[in-house]
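One-letter residues, chain by chain:
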Amino acid sequence: MKKKVLVIGGGGREDAIAWKLGSSEKAGSVYSIPGNGGMARRALIPENIPFSNERVIRFAEEKKIDFAVVGPEQPLVEGLADGLRACGISVLGPCARGAMLEGSKVFAKNFMKKYNIPTASFEVFSEADDALDFLKSKESVVIKADGLCAGKGVYVCRAREEAFSAVKEIMQEKKFAGAGSRIIIEDMLRGEEASIIVLMSPGSYSVMLPSQDHKAAFESDKGPNTGGMGAYAPTGAVDSEILKKVEKKIIEPVAEGLKSEGIDYRGVLYIGLMIHDGDPMVLEFNVRFGDPETEAMLPLLKTDFIDILSAVENDEKIDLKWEDLVCVDVVLASGGYPGKYEKGKKIKITRENIPDGVQIFHAGTELKNGQLYTSGGRVLNVAACGRDIIQARNKAYEAIEKISFENMYYRKDIGYRELERRR
Ligand code: AMP
Ligand code: GLY
């Protein structure tokens, strides 16, 4: 029997997941809530279903969904996976207690300390005065609001003044409301960042291809932090030696820790790493696929996505198979993003002459009367596969020539570290 699947979310990550599901012989109907302007090509998007956990659960029950894949973190932290499981639906996504690894930075850091997982040393503060006092003896620190802040709650402070103003913004001006009632102040780590995405279930785990995101808005990692302006996979930043260390020092202790805490974790664990002199340390955990890492990773995945969903549900290890290629994903963003930007711009895509091996994943797009318009900061992803980073990059940028909307911008250097590594 073909499986009915529901993909929850409406970004590039979810479009990539829906695309991958679309290629599975084992998938029957694929639904998405809320979806986006491009996902309608791949998934059935019910109208008039507002994004609330209750409505999603009711919908999944009505449609007799077999598997749900939860893209974003917020519904997981609010217990969507628990609610779906209570109705007998299998879910790729942890329970609310497991989702605390992303939902509370204090929980995550204490978990890492308790289970001896390498991460920057840190202190927790719930009073601004204590935090300001502590900062007097510090130079470079990273300050993090405890709760979910849509990716905006982390301040990398190279000077003391920046740290003082971060504490004031979070704790006194309450920029993130309750999410900032506690903060972490941690040591600044140096090195190269990489992302490791793991399929986790209580008794086994499978590591996906290592990838690298580009978080800054502009070339050479300049400008404000964004949700991610592009990614590529696999990355040479994580070689087999480092990967072994990640398994031994991070993934296995996490699995042990979850077991000791009585958390039945069935879903994705994203590990944000800082690698220095061959030693990986954890910057953050996310409890979902990375965006845009997923868009760079899934075009290389040969394993059927339904097999992955079944393996996680049944707590089985899955031997993931990958194309022996490199994928570069470039995000096309609205001018002004991650600050203020305009929506509603007409999108033009000339499909002829787009090279083979290129996928366009939609994020902030909306389809109105057959015309695509921008509806978000990150609008489209262009993911291109090639035999190496050079070919993949060239194909991605060649395809981008065929796409336009007013004020479109993108980074022209996605994968630059990998190119430097090859020299
Ligand atoms: P997070 O959401 O915790 O991953 O933080 C967002 C970004 O802030 C990371 O991708 C890093 O670029 C940076 N960052 C976070 N923690 C640290 C740290 N301890 N040292 C250096 N950079 C950090
Ligand atoms: N690309 C970073 C994230 O998904 O959090």
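Now for a description of the structure that goes with this document.

Next up on the list: the layout of surface pockets. Of the pockets and cavities examined, the second largest pocket occupies roughly 210 Å³. Lining the second largest pocket, in full, are Pro 34, Gly 35, Asn 36, Gly 37, Ala 40, Ile 45, Thr 365, Glu 366, Leu 367 and Ser 375. The greatest single-element share of the lining of the second largest pocket, amounting to three residues, is contributed by strand β20 (residues 365–368). Residues belonging to the lining of the second largest pocket are distributed by class as follows: four nonpolar, five polar and one charged.

To continue, consider the packing of aromatic side chains. Counting across every chain of the model gives nine aromatic pairs. Relative to Phe 134, the ring of Phe 125 lies with its centre 5.1 Å away and its plane at 45°, an arrangement referred to as tilted. The class for Phe 134 is partly exposed, based on a relative accessible area of 22%. The interplanar angle of 50° and the centroid separation of 6.0 Å between the aromatic rings of Phe 218 and Tyr 409 together place this pair among those described as tilted. Taken together, the residues Phe 218 in strand β12 (residues 216–218) and Tyr 409 in strand β24 (residues 408–409) connect sequence positions 191 residues apart. Above the plane of the ring of Tyr 373 lies Lys 368, whose end atom (NZ or CZ) is 5.2 Å from the centre. In this structure, Lys 412 is placed above the aromatic ring of Tyr 410, and the distance from its NZ or CZ to the ring centre is 4.5 Å.

Turning next to the site of ligand 2. By nearness alone, every residue bordering ligand 2 is listed as Asp 213, Lys 215, Gly 227, Tyr 270, Asn 286, Arg 288, Gly 290, Asp 291, Pro 292 and Glu 293. At 3.1 Å, a side-chain N or O of Asn 286 approaches an oxygen atom of ligand 2. At 2.9 Å from an oxygen atom of ligand 2 is found a side-chain nitrogen or oxygen belonging to Arg 288. Burial of ligand 2 by the protein chains amounts to 91% of its free accessible area of 200 Å². Across the shell around ligand 2, the residue classes tally to two nonpolar, three polar and five charged.

Quick notes on the rules
Residues numbered from 1 in each chain as written. Chains lettered and ligands numbered in written order. Predicted model: local features only at pLDDT ≥ 70, side-chain atom pairs only at ≥ 80, totals over all residues. Heavy atoms only, no water. 1 Å grid on protein atoms, 1.4 Å probe; cavity = no way out; pocket = protein on both sides within 12 Å on 5 of 7 lines; lining within 4 Å. Points joined across faces, edges and corners; volume = space filled by probe spheres on them. Helix = DSSP H or I, 4+ residues; strand = E, 2+ residues; numbered from the N terminus. Nonpolar A, V, L, I, M, F, W, Y, C, P; charged D, E, K, R; others polar. Phe/Tyr/Trp six-rings, centres within 6.5 Å; stacked < 30°, edge-to-face > 60°. Buried < 20%, exposed > 50% of the residue type's maximum accessible area, 1.4 Å probe, protein only. Lys NZ or Arg CZ within 6 Å of the ring centre and 35° of its normal. Near = heavy atom within 4 Å. Polar contact = N/O pair within 3.5 Å; in protein donor to acceptor, adjacent residues only side chain to side chain. Areas by Shrake-Rupley, 256 points an atom, 1.4 Å probe, with all protein chains shown as cover.

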